[in-house]
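A look at the structure
Okay, here's what each chain looks like letter by letter:
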Amino acid sequence: MSTQSGLIQLAKAIPEEERGKILSSFKETDLHGHLKSLLGNMEPNSLVEITHGSEEHGNDLVMVRSDKFRELVTGIIVKSGKIGGKTKGRIDEIKSQVEQSLAHPVKLKAIAERALSISEVWIMIAGDLTKGAHDRLKGEVMTQSKNITLFGLDWLVKNFTQYYPQVFYEGKVMDFLEENNTPIGKLCVFV
């Protein structure tokens, strides 16, 4: 059994609710790095760059995928924790980020020679949405463009489990072990 398939089986052994709590507990800036790894594993021929910062124009990450016919540039907005629907709250922040993402071209370090226009926006939420927040997202944000997709906690749990289970076991440590071909069994130390 490969290390990756072993990690997937170990992750599946953690109750789904607990995996959701783990993802929801990450600070958003930490989640950016984990999402970059997840998306890179899901789409190995894509470019994923963390753009969070003063020049982000709403995008926490940007993913570029190309085929023989087109280049698809996805702006990704990331939120974690519980999200309520109150005015002047996080839904308004998401709404603003979507507007900025669609309005401004992005410059990526890996493609410095040109600015890229965002083709679609993904909103990834690692947390719980109240009913009011869900209603506001659907009514005020998702209607801005047909190219806006919402990925919730269930989607994140499923795909992190399948493509980047290291996130549930301190991802950086597990990445190191996998890169150095260290079988999990060799980590057991008997005292």
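Residues numbered from 1 in each chain as written. Predicted model: local features only at pLDDT ≥ 70, side-chain atom pairs only at ≥ 80, totals over all residues. Heavy atoms only, no water.

Section: the overall build of the protein chain
Secondary structure summary: the protein chain contains seven helices and seven strands in total. Mapped in sequence order, the helices and strands of the protein chain form the string α-α-α-β-β-β-α-β-β-β-α-β-α-α. Counting all 191 residues of the protein chain, 43% fall into the buried class. Of the contacts formed within the protein chain by residues at least 6 apart in sequence, a portion of 65% connects residues at least 24 apart. Taken as a whole, the protein chain presents about 10600 Å² of accessible surface, with 52% of it coming from carbon and sulfur. (Helix = DSSP H or I, 4+ residues; strand = E, 2+ residues; numbered from the N terminus. Buried < 20%, exposed > 50% of the residue type's maximum accessible area, 1.4 Å probe, protein only. Contact = heavy atoms within 4.5 Å. Areas by Shrake-Rupley, 256 points an atom, 1.4 Å probe, with all protein chains shown as cover.)

Overview of the side chain of His 32
Considering the arrangement of structural elements, one finds His 32 in helix 3 (residues 28–42). Ignoring sequence-local partners within four residues, the contact set of His 32 consists of Ile 50, His 52, Asp 60, Leu 61 and Val 78.

A word on the packing of helix 4 (residues 90–103) against helix 5 (residues 131–141)
Running from N to C, helix 4 and helix 5 point in directions that differ by 25°, and their axes come no closer than 10 Å. Relative to helix 5, the element helix 4 is oriented roughly parallel. Crossing angle aside, the handedness with which helix 4 passes helix 5 is right-handed. Residues Ile 91, Asp 92, Ile 94, Lys 95 and Val 98 of helix 4 form the contact with helix 5, whose own contacting residues are Ala 133, Arg 136, Leu 137, Glu 140 and Val 141. Residue composition of the contact of helix 4 with helix 5, grouped by class: six nonpolar, no polar and four charged. (Axes fitted to C-alpha atoms, helices over the stretch in contact; angles between N-to-C directions. Parallel < 35°, antiparallel > 145°, perpendicular 65-115°, else oblique. Left-handed = near helix turned anticlockwise from the far one by under 90°. Nonpolar A, V, L, I, M, F, W, Y, C, P; charged D, E, K, R; others polar.)

Notes on the nonpolar core
Judged by nonpolar contacts, the single largest core of 24 residues is most densely connected at Leu 23, Leu 35, Ile 76, Met 124 and Phe 160. Those elements that place two or more of their residues in this core are helix 3, strand 2 (61–66), strand 3 (71–80), strand 6 (120–126) and helix 6 (153–163). The contacts of Met 124, once residues within four sequence positions are left out, are Leu 35, Leu 39, Ile 76, Ile 77, Val 78, Lys 79, Phe 151, Trp 155 and Leu 156. Counting 21 residues, the second-largest nonpolar core is a separate cluster that includes Ile 94, Leu 108, Ile 123 and Leu 137. (Core = buried A, V, L, I, M, F, W, Y, C linked by side-chain atoms within 4.5 Å.)

Some points on the sheet that holds strand 6
Ordered in space as 1-2-3-6-7, the five strands form an open sheet in which the pairing is mixed. Two strands in the sheet have a free side with no partner beyond their single neighbour: strand 1 (47–50) and strand 7 (148–151). If you compare each strand with its neighbour and ignore which way they point, the axes differ by 20° on average. Note that strand 2 and strand 3 share six bridges and pair antiparallel. Counted as the bridge partner of Met 63 is Thr 74 from strand 3. (Pairing = 2+ DSSP bridges.)

Concerning the packing of aromatic side chains
One pass over the full model with this rule turns up three aromatic pairs. Each ring, one from Phe 151 and one from Trp 155, has its centre 4.5 Å from the other, and the planes form 55°; the classification is tilted. Assessed through its relative accessible area of 13%, Phe 151 is described here as buried. (Phe/Tyr/Trp six-rings, centres within 6.5 Å; stacked < 30°, edge-to-face > 60°.)

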